[in-house]
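What the coordinates show
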Amino acid sequence: MSEKYIIATHSKGRTLLNHPRKLTDEMIRTVVDSGGVIGVNICSAFLNSKFLNPANRKSDYLKYICYIMNADGEDILSIGSDFDGITGNLEIATVLEMNGFLKEMKSAGITEKQIEKFSYRIVERVLKDSLSERTKYNESKGQIMKSVAIILMIISALSKVMGFLREMVFSYFYGTSAVKDAYVIATSAPGLIVSFVGTAITIGFIPVYNRILKEMSKEQANLYTSKITNILFIIITIAILIIELFPVPFVKLFAGGFTGETLATTVSFLRIVIVTVYFTCFFSLYQGYLNAHDVFIPSVVAPFMMNIIVILFTIAAGTIDNIFLPIGFFLGYLAQLIFLYPFLRKKEFTYTPSFNFKDRYVKLFLELAAPMMLAMVVQNVGTIIDKNIASFIAVGGISSLEYANRLVNMVQMILITSIATSIYPTMSQLGVRKEYRKLKEVASNNIAVMMGLLIPATIGLMLLSEPITAFVYGRGEFGQESILMTSGALFYYAPLLIGLGITDIFNRVFYSLEDTKTPVFLSIISIVVDIVLNITLSRFMGLNGLALSTSIGRFVNAILLYIYLRKRIQGIGLKNISGKVVKIIIASGIMGAVVYILKGVLLNTLPLVLSVLVMVAAAGILYISLVFLFGIIRLEDARKIIKTKLKR
């Protein structure tokens, strides 16, 4: 209950009668120094040595009270009872006899004020202070989590800037060419495996790891991590061998329209990059390990090195030989994994070559992870169909979807993943402790935060899809045709952000409840909707239809998750944030109207770069002003946050 006070219930002074349940004088002094409580009870066996005919005489009880008082214990002494389990010759058998005993205490010279203290005041003081201490701790932890989320958002933003630079370099040298298509498909192979293995690891690993820490020890938690490492190694090795032996059918699975030189280039790239599955899956596992210990920053800093390496090798590929593309990919992801090593050592992780897969915690992990792996496989069916259809629509179609998806993914990583990653360990702990009210509060509050960020971001991306695409990619080999294809896909991908934000939180609520089956089932339904829409809309809208179907599918998933959460834990508390979300929508709508007007004026009068910067800055300033004006965030609260940050 408290780390500040020592509370010794059912206790007395051992000097008067030796018994292991009693306190020595040194122990009494320790409790006194802590300001805690010693509860003197009336159990007969503790009061006297007549074990054959124990009695709880009032005189013996008073003697022990006086002993504690004389040991400087007046401010830590509490009168207890034990009515629920004592036997023998009882002078104090019920609360009625206790009232008579209080009168005898007065006769012994104990004052009315002291009796009041011993009866309830001292316990009341400790309880109130302990609860206040816990409240302050929870508030402090909440502030820390908010700070961590902000730091993660900043670092993720910087990392994504590097990722953007990488895509800009790539678009400069390759545009939406066949080589870019080949590279996208080749790197999709490790991406596919990582999506259903790596995500399952991150989601399934943390709840089981937290349970082991709670039920056993850190050594056992490390052993569990090692066992998962070994399982991963076996699974990944089998997958890599299959792909190395049959690369052409695997490529055709993703891009049925590839033939000739494009197919040969994709196969040569694939044979190199497929090995990176080891690096990315182990990165996901050890990222989960560090997150379980509230260490988040290394896993978002590591991509810096990866992006730098990939950028350098992309330049080499564009100027020397295309083979440097897969080599840079390989070395970049290897460096990303190595970066986590010193942080793992600092958290005292030790690897053990254990292959006991019958371990109950390993089985629990597999029970949690297997449905998630199935869900990711099903979810990637939509991605496979997207790429396959795009390979038939146009040369560079796969690249256009990839470039547009990168822009959406950047916003997702900065605004969604950073928040969801920082709150998931807390949600997992609340789920283990069955504190559902707090779990729902954390979930609903973070949905409100996400909506405040994602709704204006979505509107901005839709309105500025073409100028943003031209601003980011429009140079070198990335011409006007590439801009039009990519910006069209971006327009219809943009609403995906809102669906992603909601489903990410809802899914993690289920994971915190150790339920991965329900999200899988609902995900399958939404993917079926996505696939049907893929096939249908692509006939009328081309690449844009593929992007729109993906967004609609995610919204269907969010709605289904909400319906099932209402049944599972009686809602998620969205009514409490509905008013704030309505204000966010209105503020975002006003911002969008102003951006639309500025777009018509600035793009015809100013250079592209300056136009985009002015529109983004104006949109940001206007939206923030409206947030304060509508009371979405109070100005006073913002000032307090800023002052707190400055003091730190």
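Worth saying up front: this structure is predicted, and the values here are computed from it rather than measured.

The rules we used
- Within every chain, residues take consecutive numbers counted from 1 along the sequence as written.
- Only residues with pLDDT of at least 70 get local features here, since the model is predicted, and only at 80 or more are side-chain atom pairs given and counted; chain-wide, interface and lining totals rely on the full set of residues.
- To get the side-chain values, all heavy atoms of the structure are used, and hydrogens and water are removed first.
- Only DSSP runs of H or I covering at least 4 residues are called helices, and only runs of E covering at least 2 are called strands; the numbering of each starts at the N terminus.
- The buried label goes to any residue with under 20% of its type's maximum accessible area, the exposed label to any with over 50%, and the partly exposed label to all in between, with areas taken from a 1.4 Å probe on protein chains only.
- Any two residues whose heavy atoms approach within 4.5 Å at even a single point are treated as in contact.
- Only the protein chains shown count as cover for residues, with accessible areas throughout obtained via the Shrake-Rupley method and a probe of 1.4 Å.
- Each axis is a line fitted through C-alpha atoms, taken for helices only over the stretch in contact, and angles between the N-to-C directions span 0 to 180 degrees.
- Relative orientations are named as follows: roughly parallel for angles under 35 degrees, roughly antiparallel for angles over 145 degrees, roughly perpendicular for angles from 65 to 115 degrees, and oblique for any other angle.
- Helix crossings are classified by the rotation of the near helix relative to the far one: an anticlockwise turn of less than a right angle makes the crossing left-handed, while a clockwise turn makes it right-handed.
- Here the nonpolar group is Ala, Val, Leu, Ile, Met, Phe, Trp, Tyr, Cys and Pro; Asp, Glu, Lys and Arg are the charged ones; every other residue, Gly included, is treated as polar.
- For every residue, the predictor assigns a confidence score, pLDDT, that lies between 0 and 100.
- For this document, the term salt bridge refers to a Lys or Arg side-chain nitrogen within 4 Å of an Asp or Glu carboxyl oxygen.
- Paired strands, in this sense, are two strands between which DSSP finds at least two bridges.
- Within 3.5 Å is the distance limit for a polar contact, defined as a pair of N or O atoms, with the added protein rule that one can donate a hydrogen and the other accept it, and that residues adjacent in sequence qualify only through two side-chain atoms.

The next subject is the overall build of the protein. Within the protein, the regular secondary structure consists of 24 helices and five strands. Across the 648 residues of the protein, 52% fall into the buried class. In the protein, the proportion of contacts linking residues at least 24 apart, taken out of those at least 6 apart, comes to 80%. Surface summary for the protein: the accessible area is close to 29,600 Å², and the carbon and sulfur share equals 65%.

A few words now on the packing of helix α17 (residues 465–473) against helix α18 (residues 480–493). When two helices pack together, you describe them by how their axes are tilted relative to each other and by the distance separating the axes. Orientation of α17 relative to α18, taken along the N-to-C sense of each, is 130°, at an axis distance of 8 Å. What the angle tells us is that α17 and α18 run oblique. In terms of crossing hand, the pair formed by α17 and α18 is right-handed. Listed contacts from α18 to S465, E466, T469, A470 and Y473 of α17 are Q480, I483, L484, T486, S487, L490 and F491. Classifying every residue of the contact of α17 with α18 by side-chain character gives six nonpolar, five polar and one charged.

A few words now on the packing of helix α10 (residues 276–292) against helix α11 (residues 297–319). Where α10 meets α11, the axes come as close as 8 Å, and the angle between the chain directions of the two elements is 145°. Across from F283, Q287, L290 and N291 in α10, the residues of α11 making contact are P298, S299 and A302. Looking at the contact of α10 with α11 residue by residue, the classes come out as four nonpolar, three polar and no charged.

Now for unusual backbone geometry. Most of the time, phi is negative for any residue but glycine, and the peptide bond is trans. Phi at E348 takes a positive value of approximately 65°, unusual for a residue other than glycine. Tracing the chain through its elements places E348 in the loop between α13 (341–346) and α14 (360–393).

What follows is about the confidence of the model for the protein. Taken as a whole, the protein shows an average pLDDT of 79; of its residues, 82% reach a score of 70 or greater. Averaged over each element, pLDDT in the protein is lowest for helix α24 (residues 635–647) (48) and highest for helix α12 (residues 324–339) (93). Every residue in residues 641–648 scores below 50 in pLDDT, and together they form three contacts with partners more than four places removed in sequence or on other chains.

Applying the stated criterion across every chain yields a total of six salt bridges. One salt bridge in this structure joins E167 and R406, with 3.5 Å as the shortest N-O distance. Of the two residues, E167 sits in helix α5 (residues 112–174) while R406 sits in helix α15 (residues 397–432), which places them 239 residues apart along the sequence. In this structure E167 comes out as buried when scored by relative accessible area, which is 3%. On the accessibility criterion, R406 (27% relative accessible area) is partly exposed. In this structure, E244 and R271 form a salt bridge, with 3.4 Å as the shortest nitrogen-oxygen distance. Here E244 is found in helix α7 (residues 218–245), whereas its partner R271 is found in helix α9 (residues 260–273), with 27 residues between them in sequence.

Turning our eyes to something else, we now look at the sheet that holds strand β1 (residues 7–11). Paired through their backbone hydrogen bonds, the strands of a sheet run either parallel or antiparallel. If you walk across this open sheet you meet the three strands as β1-β2-β4, and the pairing is parallel. Lying at the two open borders of the sheet, with one neighbouring strand each, are β1 and β4 (77–79). Adjacent strand axes in the sheet meet at a mean angle of 20°, parallel and antiparallel pairs treated alike. Bridge count for β1 against strand β2 (residues 37–40) is three bridges, and the pairing is parallel. Note that in β2 the partner of A8 across the bridge is I38. Strands β2 and β4 of the sheet are contacted by helix α3 (residues 58–73), whose axis makes an angle of about 160° with β4.

Here D181 is to be found in helix α6 (residues 178–215). Along the backbone, D181 and T265 are 84 residues apart, and their C-alpha atoms lie at a distance of 9.8 Å. The residues touching D181, leaving out its near neighbours within four places in the chain, are F258, V395, G396, G397, I398 and S399. For D181, the side chain forms a polar contact with the side chain of S399, separated by 2.3 Å.

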